[in-house]
Amino acid sequence: MSSVRNRNESAWLLPNDGTRTNHALRRDMRRFDDRDELDLLVVGCGAGGSVLLQRLARAGWKVAALDAGPFWDPDTDWVSDEAGSHHLYWTEPRVISGSDPVPLGSNNSGRGVGGSMIHYAGYTPRFHPSDFRTFTQNGVGADWPIGYGDLRSYYQEIEEELPVAGEKWPWGDPHTYPYRPHPVGGNGELFLRGADKLGITAKVGPVAIVNGRFGNRPHCIYRGFCLQGCKVNAKASPLITHIPDALAHGAEVRPDCMVTYIEVDERTGRATGVHYVRDGVPRFQKARMVAIAGYSIETPRLLLNSASKRFPDGLCNDFDQVGRYLMVQGAPQTAGRFDAEVRMYKSPPPEVSSEDFYETDPAKPYQRGFSIQTVSPLPITWAEHIAAQGHWGAALREYMSDYVHWSCLGALCEFLPQPGNRVTLAEETDRHGLPVANFSYSQCENDTRLMKAAQSVMEDILHAAGADEVITIGRYAHLVGGARMAADDKHGVVDANCRTFAVPNLYITDGSVLPTQGSANPALTIMAVTARAADQLTG
Ligand SMILES: Cc1cc2nc3c(=O)[nH]c(=O)nc-3n(C[C@H](O)[C@H](O)[C@H](O)COP(=O)(O)OP(=O)(O)OC[C@H]3O[C@@H](n4cnc5c(N)ncnc54)[C@H](O)[C@@H]3O)c2cc1C
Ligand code: SF4
């Protein structure tokens, strides 16, 4: 594998003078005209979209990415403050339904260049080999049309480019990380202590946070504002890990452009470009190929909103697959109180994790499993945790004033893909007059059992570490699926290379294409799948 700088120079293109943005690179970036026919146009500049843009720009393609949100400048746009960071989220209207509706909006997906990784926590575990074969191995979920082996080298590439720090990883396909593990704070120490007492293996990492120096990116300063955008540039997001290199190689990033419709030529059946709105003005950008990477809700929504005479039920939806098998991880969160001060805010929330419970255990009454990680909510999120427990008024104030004594763990439970958990179009429209997404979600029995099991293990760990009180709330995390990869068009929307079955020059390169989700945070896998798709396109 060639040295990371030869593949991706982003970290060296950032300034080394105490500021965070290379303004000259943005000012001088190549700009295409709407009438220029791009080799490929990317819709959405998040985890998947940015990797594709950078890879294709490096290969000399004429590429641009349109994103509905701004081109962030960490120095001026972000604050180390929970209340002041809501603008990082996608807060356009969405409708939720089903028997277990998933709250969307304030803490779910991102907007703007860098996408949801601007405010993600920074955990970057790999999927396990079993995640690609859950149907064959466990009779649940789905088999991917690719296997873990197809992604291994891409995982390694992306881990070097972010870069990822962590201990030698014993689970799944055992592997090492390019950077040594970070020192841990009070929350991580308690997790390690409790797990050790119970014979559970817990390890430090894997986190996409610089431990040392990487190019012109500095060391993490352990202030714990990772979910607010990391003003330091220590936490990886495509804004700093892939966009600078893409711009340096001739890509255009066009912010504040909401794509509204994918145009397909009725005669040839090929995509010809996208309609988008900028500053209230409708426009059309021509392109020879299009890739959608708008996140698991907005990608299926855009496909459904792109219905035409040829695709009356939505683009690529001839077999009613668009929007289906959307998954969310069950993410119960358990907090434990300790007499000593923990001060869980004094470090990045992602510190320590365990994948001991990831695989199916035949002795358990459920298939698949869960992982456990430190989460470390800041005060407002802590108040939400307490309020979700039913505490209010004086009791809430008491818990809040006791904040420094609490430690917090979160689980990620592998909820299963189900056809009925899907995005459809709602009656309600957004400010562009487009129907918004209706996301219907219901848990199955296996999901509920996993949540209970994960809760019980987390409570045991915190008790074993010495907690005198533990409280757990139910939550969800990480949406993936909705335009999944499959062996054929009756079972999914894209093939093994992320190309849609229905339109030969239309690709989907974001979390929507994942057929299963494991108990791993998804960003690294989204990037690895996209890097592989880019290789297939350019190779
Ligand atoms: C609080 C929080 C913490 C998280 N922590 C982790 C973590 O620790 N580890 C991890 O792996 N994952 C984490 N995630 C999830 C992770 O960030 C996402 O799964 C991942 O970024 C999704 O990548 P994507 O490419 O599918 O979409 P995104 O990264 O969300 O990118 C989509 C982009 O498309 C743009 N867009 C959407 N629609 C349009 C349109 N019509 N026109 C133009 N642009 C459009 C959006 O503005 C956005 O920039 C976290 C998420 C949240 C909410
Ligand atoms: S703790 Fe480290 S990674 Fe997190 S916001 Fe601060 S500097 Fe960035």
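Here, every reference points to the structure presented above.
Keep in mind it's a predicted model, so treat the numbers as computed, not measured.

S.K.: Go over the pattern of salt bridges, please, and point to the residues and values.
M.R.: Within the structure shown, the criterion is met by 32 salt bridges. Taking the shortest distance from any N to any O, the salt bridge between Asp33 and Arg35 comes out at 2.9 Å. We classify Asp33 as partly exposed; its relative accessible area is 31%. Among the residues examined, Arg35 registers a relative accessible area of 66% and is labelled exposed. Arg301 is paired through a salt bridge with Glu298; the nearest N and O atoms lie 2.8 Å apart. Placement of both Arg301 and Glu298 in helix α11 (residues 298-305) is noted, with a separation of three residues, approximately one turn of the helix. Given a relative accessible area of 3%, Arg301 falls into the buried group.

S.K.: I'd like a rundown of the sheet that holds strand β9 (residues 290-292), residues and numbers included.
M.R.: Sheets are built from strands that pair by backbone hydrogen bonding, the pairs being arranged parallel or antiparallel. Spatially, the five strands line up as an open sheet ordered β5-β2-β1-β9-β19, and their pairing is parallel. Looking along the sheet, the strands with just one partner apiece sit at the ends: β5 (252-254) and β19 (506-508). Between one strand and the next, the sheet's axes are offset by a mean angle of 20 degrees, whatever the strand orientation. The pairing of strand β2 (residues 63-66) with β5 spans three bridges and is classified as parallel.

S.K.: How would you sum up the site of ligand 1? Please name residues and give values.
M.R.: With respect to spatial proximity, 38 residues lie near ligand 1, and among them Asp67, Ser116, Ala121, Tyr123 and Ala523 are the closest. Between ligand 1 and the protein, one listed contact pairs an oxygen atom with a backbone N or O atom of Gly122 at 3.0 Å. Note that an oxygen atom of ligand 1 is positioned 2.9 Å from one of the backbone N or O atoms of Gly511. Among the secondary structure elements, those contributing two or more residues to the shell around ligand 1 are α4 (47-58), β6 (257-264) and α15 (523-538). The element best represented in the shell around ligand 1 is β6, accounting for three residues. A per-class count over the shell around ligand 1 returns 19 nonpolar, 15 polar and four charged.

S.K.: Mind laying out the packing of helix α8 (residues 186-198) against helix α14 (residues 445-464), listing which residues take part and the relevant values?
M.R.: Close contact between α8 and α14 brings their axes to 7 Å; oriented N to C, the two are set at 100 degrees. By the angle between their axes, α8 is roughly perpendicular relative to α14. Taking contact as the criterion, the partners of Phe191, Gly194, Ala195, Lys197 and Leu198 in α8 are, on α14, Asp460, Ile461 and Ala464. Here the contact of α8 with α14 is composed, by residue class, of five nonpolar, one polar and two charged.

S.K.: Lay out α14 in plain terms, naming residues and giving numbers.
M.R.: The terminal C-alpha atoms of α14, which comprises 20 residues, lie 29 Å apart, in line with the 28 Å expected from a rise of 1.5 Å per residue. On its buried face, α14 sits against α8, β10 (327-330), β11 (333-337), β13 (370-374), β14 (406-413) and β17 (469-473). Positioned one or two residues after α14, Gly466 has a phi angle of 115 degrees, which is positive.

S.K.: Go over the site of ligand 2, please, and point to the residues and values.
M.R.: In the vicinity of ligand 2, the residues found are Ile209, Cys220, Ile221, Tyr222, Arg223, Gly224, Phe225, Cys226, Cys230, Val232, Lys235 and Pro348. Of the residues that constitute the shell around ligand 2, the class distribution is nine nonpolar, one polar and two charged.

S.K.: Give a detailed account of helix α7 (residues 148-161), specifying residues and quantitative values.
M.R.: Compared with an ideal rise of 1.5 Å per residue, which puts 14 residues at 20 Å, α7 spans 20 Å between its outermost C-alpha atoms and is within 8% of the ideal. At Tyr154, α7 shows its maximal kink, close to 25 degrees. Burial in α7 covers these residues: Tyr148, Leu151, Tyr154, Tyr155, Glu157, Ile158, Glu159 and Glu161. Buried-residue contacts for α7 involve α1 (4-7), α4, α9 (238-241) and α15.

S.K.: Outline the environment of Ser85, supporting the account with residue identities and numerical values.
M.R.: Mapped onto the elements of the fold, Ser85 is located in the loop between α5 (74-77) and β3 (95-97). Between the C-alpha atom of Ser85 and that of Gly229, which follows or precedes it by 144 residues, the distance is 8.1 Å. With near-sequence residues (within four places) excluded, Ser85 lies in contact with Val79 and Gln228.

S.K.: Residues and numbers for the packing of aromatic side chains, please.
M.R.: Aromatic ring pairs are reported here in terms of the distance separating the ring centres and the angle at which the planes meet. For the coordinates displayed, the defined rule picks out 18 aromatic pairs. An angle of 55 degrees between the planes, with centres 6.3 Å apart, marks the rings of Phe127 and Phe132 as tilted. Neither residue differs from the other here; Phe127 and Phe132 are each classed as buried. Taken together, Phe127, Phe132, Trp144, Tyr148 and Tyr155 form an aromatic cluster joined through their ring pairs. Just above the ring of Phe71 sits the side chain of Arg26; from NZ or CZ to the centre is 3.8 Å. Looking at Arg484, its charged tip hangs above the ring of Tyr325, at a distance of 3.6 Å from the centre.

S.K.: Explain the nonpolar core to me, using residue names and the numbers behind them.
M.R.: Among the nonpolar cores identified, the biggest contains 144 residues, and Leu40 and Ile262 are the most heavily contacted of them. For Ile262, the residues in contact, after removing those within four places along its chain, are Val43, Ala271, Gly273, Val274, Val290, Ile292, Leu302, Ser306, Leu315 and Leu506.

S.K.: Report on the pairing of β17, specifying residues and quantitative values.
M.R.: The buried fraction of β17 amounts to four of the five residues, a majority that puts the element mostly inside the structure. Bridging between β11 and β17 involves five bridges; their strand directions are antiparallel. Following the sheet pairing, Ala335 is matched in β17 by Ile471.

S.K.: Account for the sheet that holds strand β15 (residues 422-429), with residues named and values stated.
M.R.: Taking strand neighbours across the sheet as the criterion, the three strands line up as β3-β16-β15 in an open arrangement whose pairing is mixed. Two strands lie at the open edges of the sheet, namely β3 and β15, each paired on one side alone. Averaged over neighbouring strand pairs, the angle between their axes works out to 35 degrees when direction is ignored. In the sheet, β3 pairs with strand β16 (residues 435-440) via three bridges, with the strands oriented parallel.

S.K.: Give a description of the side chain of His119 that names residues and reports values.
M.R.: With respect to the helices, strands and loops of the structure, His119 is situated in the loop between β3 and α6 (134-138). Those residues in contact with His119 that sit more than four places away from it in its chain are Leu88, Tyr89, Asn108, Ser109, Gly110, Cys226, Leu227 and Lys235.

S.K.: Describe the pairing of β13, and please don't skip the residues or the numbers.
M.R.: A large share of β13 lies buried, amounting to five of its five residues. Of the two faces of β13, the one lined by Phe370, Ile372 and Thr374 and the one lined by Ser371 and Gln373 are each fully buried. Two strands pair when backbone bridges link them, and β13 and β14 are joined in this way by five bridges, in the antiparallel orientation. Following the sheet pairing, Phe370 is matched in β14 by Cys413.

Reading the values: the criteria
Residues numbered from 1 in each chain as written. Chains lettered and ligands numbered in written order. Predicted model: local features only at pLDDT ≥ 70, side-chain atom pairs only at ≥ 80, totals over all residues. Heavy atoms only, no water. Salt bridge = Lys/Arg side-chain N within 4 Å of Asp/Glu carboxyl O. Buried < 20%, exposed > 50% of the residue type's maximum accessible area, 1.4 Å probe, protein only. Helix = DSSP H or I, 4+ residues; strand = E, 2+ residues; numbered from the N terminus. Pairing = 2+ DSSP bridges. Axes fitted to C-alpha atoms, helices over the stretch in contact; angles between N-to-C directions. Near = heavy atom within 4 Å. Polar contact = N/O pair within 3.5 Å; in protein donor to acceptor, adjacent residues only side chain to side chain. Nonpolar A, V, L, I, M, F, W, Y, C, P; charged D, E, K, R; others polar. Parallel < 35°, antiparallel > 145°, perpendicular 65-115°, else oblique. Contact = heavy atoms within 4.5 Å. Expected span 1.5 Å × (residues − 1). Bend = angle between axes of the 7 residues up to and from the residue. Phe/Tyr/Trp six-rings, centres within 6.5 Å; stacked < 30°, edge-to-face > 60°. Lys NZ or Arg CZ within 6 Å of the ring centre and 35° of its normal. Core = buried A, V, L, I, M, F, W, Y, C linked by side-chain atoms within 4.5 Å.

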